[in-house]
Amino acid sequence: MKILKNKLFVILSVMFLGASGAFAQNVWTPEMQVKTKTVGAPQISPDGRRVVYTVNEAVMTADKSEFVTQIWLANADSSGNFQITFGEKSSTNPKWSPDGSSIAFTSNRKDSKNNLYLLRVSGGEAEPLTDLKGNVADFEWSPNGSSIAYLLTDLKTDDEEKNDKGKNDFRWIDENQKMARLYVVPVAKDANGKRESRKLTTENYNVSSFDWSPDGKTIAFSFVKTSGANDWTTSDVSLLDAASGKTTVLANTPAAENAPIFSPDGKTIALVISDVPVRWAQSNTIHIVPATGGTPKPLAASLDNQPNIAGWSADGKRIYFSEAKGVGTRLYALDVGSNKITNLNETDEVINAVSLNRAGTMFGFVKQNYQTAPEAFVSKSENFAPVQISRANADAPKMPFGKTEIIRWKSKDGREIEGLLTYPTNYETGRKVPLILNVHGGPAGVFQQSYLAGRGSYPLAAFASRGYAILRPNPRGSSGYGTEFRRANIKDWGGMDFQDLMSGVDEVIKMGVADENRLGVMGWSYGGFMTSWIVTQTKRFKAASAGAPVTNLMSFNGTADIPAFVPDYFGGQSWENPEIYAKHSAMFNVKGVSTPTLIQHGEADIRVPISQGYEFYNALKAQSVPTRMIVFPRQPHGLNEPKMQIAAMQSNLDWFEKYLGANSAQK
């Protein structure tokens, strides 16, 4: 009988306790989180009756690891949801024809090249509109539906293809850059049964966005001088005659002008224009300019000075836009006549992918909060009342989330800082638990009320279900709080923003939530910079995880794809002021670090090259600091394969469990 009881205890232990003693019931895992589906591109038909959107999900087999997107169609009252594209390849970016009879979209279903396809809503197979060796980027229907304009980056020449095959494929940096150009393709076939695309832009610049005039005669487009990420500051706007291809300058000043959108009557163009000088910590304002040309007129400044224009109202009296506001997103209406901004929503949900139907009467968008997965929604533009359309995550695990609340505290200099505190699942008031400080990227990023069980590198729901609290602050330098706040860390990375973070940790300790002897810190990109910086400044953290960390501002500035970024923040090049670069770099302050540190980096990262991770790893290793470095093959700055995301999430869980021992607090 005693033996049977012991066996029963072992069985129950395996059922309810993990190998390390963690409670296994109601515990989120990286595998669960990576299976969360993302919803995007909600587009409403011109008559407002139907909605098309995309669902992206992980596909993992023994020899496959990728995210695949398919298109769904539903009625605007949320009924009749069904999938309309299928297969192993993705179908993306669906857009309604002006008469609502067809949907154009892009797909890489043939030869893994992204081409344009046409699907008639009445039924039938999708028909290819283009058959290109390159990848179609964005596209837009002409107002009469007879043609589609699209963006295509220059293809390799025959000689370049030959040299690739012959391994004679050396290249010169910053020379022979491939530009994104505008093309137009007819929807109907010609007498020979073909559709011939016509190139519209031939000059040596990179087109970034565009919009048709209502009469279909003109295209307004923004462009930059090269295809490199470093040159976004050079953006200008021109007008293109769709018939002749002739271009006319509309906005060409020292500011960065972009995102032109015609008013319904075609007489006015709205666009977003930056401050001068253009700064990487951006500050932008909506302007309007006559379509015939003239000086752009600035309209009322938005709260965060980073408006994303969704479109014009049907009567042309208002411009709708969205932007971050603290830990949520706001939709606004800007009255052009009175120059006043009206808030359309009042809560802190996270809204993205905002679109407006062709009639200007309905919004489509994706909405989520910390315990509700992202789904497609619609609302009338005149009376904002969201209606959920998709149910993509209806089959997600029904498990509890750690309560997440907004907290505020005073930093060392008295500035108020805001952040999100996620408690462990089933937290009991007064119990002190391990705390992980999670630092966002940017530095002009922002933590919002996003779904805790989403994808990525940091499994927040899994951490909370294992007994951790997580603090996600928005220190000075973050978006969502205005230009002054966003620029308050200029020439001061690791200075007062570091104090903002430490004051936030102090606040959670003061609240009686955090165990001051079990603190961890993690972050990606700028969050990785701050994580590596923090362990050089304090020994209060028992473990750290630095993802794609900027550890040496000098070498980063010379190897990243954005060499103008750091000089803009620090007021000059490293050879002009080497002292400030050294002062604010973890590598020049690494002596004496003792915090066990995990380093994670994508091998194909050109934004923060992997050498930044190697530098810090080798410096820690040389000092016998407990450290590991995990490298993700093929991965750019953000991990884009599900198995790689699982590896990142699991290694983070294992690292902090090893050094913080969250589960010991639950036993």
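Residues numbered from 1 in each chain as written. Predicted model: local features only at pLDDT ≥ 70, side-chain atom pairs only at ≥ 80, totals over all residues. Heavy atoms only, no water.

Colleague: What's the story with the overall build of the chain in this structure? I'm lost.
Modeller: Helix and strand content of the chain: twelve helices and 36 strands. Expressed as a percentage of its 667 residues, the buried residues of the chain come to 55%. By sequence separation, contacts in the chain at least 24 residues apart represent 56% of the contacts at least 6 residues apart. As displayed, the chain offers around 28900 Å² of accessible surface, 51% of which is attributable to carbon and sulfur atoms. Considering the chain, the positive charge centre built from 71 side chains and the negative charge centre built from 67 side chains are found 6 Å apart. (Helix = DSSP H or I, 4+ residues; strand = E, 2+ residues; numbered from the N terminus. Buried < 20%, exposed > 50% of the residue type's maximum accessible area, 1.4 Å probe, protein only. Contact = heavy atoms within 4.5 Å. Areas by Shrake-Rupley, 256 points an atom, 1.4 Å probe, with all protein chains shown as cover. Lys, Arg positive; Asp, Glu negative; His and termini not counted. Charge placed at Lys NZ, Arg CZ, Asp CG, Glu CD.)

Colleague: Even after reading the chapter, I still don't get the environment of Arg 486, so can you show me in this structure?
Modeller: The topology assignment puts Arg 486 in helix α5 (residues 483-486). A relative accessible area of 0% means that Arg 486 is categorised as buried. In sequence terms Arg 486 and Pro 475 are eleven residues apart; their C-alpha atoms lie 9.0 Å from each other. Once residues lying within four places of it in the same chain are set aside, the contact partners of Arg 486 are Ala 281, Gln 282, Ser 283, Asp 304, Asn 305, Gln 306, Ala 444, Gly 477, Ser 478, Ser 479 and Gly 480. Only 2.7 Å separates the side chain of Arg 486 from the backbone oxygen of Asp 304, close enough to count as a polar contact. (Polar contact = N/O pair within 3.5 Å; in protein donor to acceptor, adjacent residues only side chain to side chain.)

Colleague: Got a minute to help me understand the side chain of Ser 97 in this structure?
Modeller: Note on placement: Ser 97 falls in the loop between β5 (91-96) and β6 (102-110). Contact partners of Ser 97, with chain neighbours within four places excluded, come to Pro 46, Ser 102 and Trp 141.

Colleague: Which parts of the structure should I look at to understand the nonpolar core?
Modeller: Nonpolar side chains in soluble globular proteins generally cluster together in the buried interior. Ranked by internal contacts, the top residues of the largest apolar core, which has 57 residues, are Leu 435, Leu 437, Leu 471, Trp 493, Met 530 and Ile 534. Counting residues in hydrophobic clusters, the runner-up holds 31 residues, among them Phe 401, Ala 462, Leu 598 and Ala 648. (Core = buried A, V, L, I, M, F, W, Y, C linked by side-chain atoms within 4.5 Å.)

Colleague: Any chance you could explain the sheet that holds strand β20 (residues 297-298) here in plain terms?
Modeller: Across a sheet, paired strands are connected by hydrogen bonds in the backbone, their directions being either parallel or antiparallel. Ordered in space as β17-β18-β19-β20, the four strands form an open sheet in which the pairing is antiparallel. Taken across any chain shown, the strands that pair with only one partner, and hence form the sheet edges, are β17 (257-262) and β20. Where β17 meets strand β18 (residues 268-274), four bridges bridge the pair, whose relative direction is antiparallel. Following the sheet pairing, Phe 262 is matched in β18 by Ile 269. (Pairing = 2+ DSSP bridges.)

Colleague: How do you make sense of the sheet that holds strand β28 (residues 387-388) when you look at a structure like this?
Modeller: If you trace the four strands from one edge of the open sheet to the other, you get β25-β26-β27-β28, paired in antiparallel fashion. The strands lining the two open edges of the sheet, one partner per strand, are β25 (350-356) and β28. In terms of strand pairing, strand β27 (residues 372-380) meets β28 through two bridges, oriented antiparallel. Its bridge partner being in β28, Phe 377 is matched across the sheet by Gln 388.

Colleague: Looking at this model, I keep getting lost on unusual backbone geometry. Mind explaining?
Modeller: The peptide bond linking Val 276 to Pro 277 adopts the cis configuration, its omega dihedral lying at 0°. By the secondary structure assignment, Pro 277 is in the loop between β18 and β19 (284-290). Cis geometry is adopted by the peptide bond preceding Pro 443, which originates at Gly 442 and carries an omega value of 15°. Relative to the helices and strands, Pro 443 is located in the loop between β31 (433-439) and α4 (460-465). Despite not being glycine, Asn 426 shows a phi value in the positive range, around 60°. Considering the arrangement of structural elements, one finds Asn 426 in the loop between β30 (416-422) and β31. Exposure remark for Asn 426: the relative accessible area of 61% places this residue in the exposed category.

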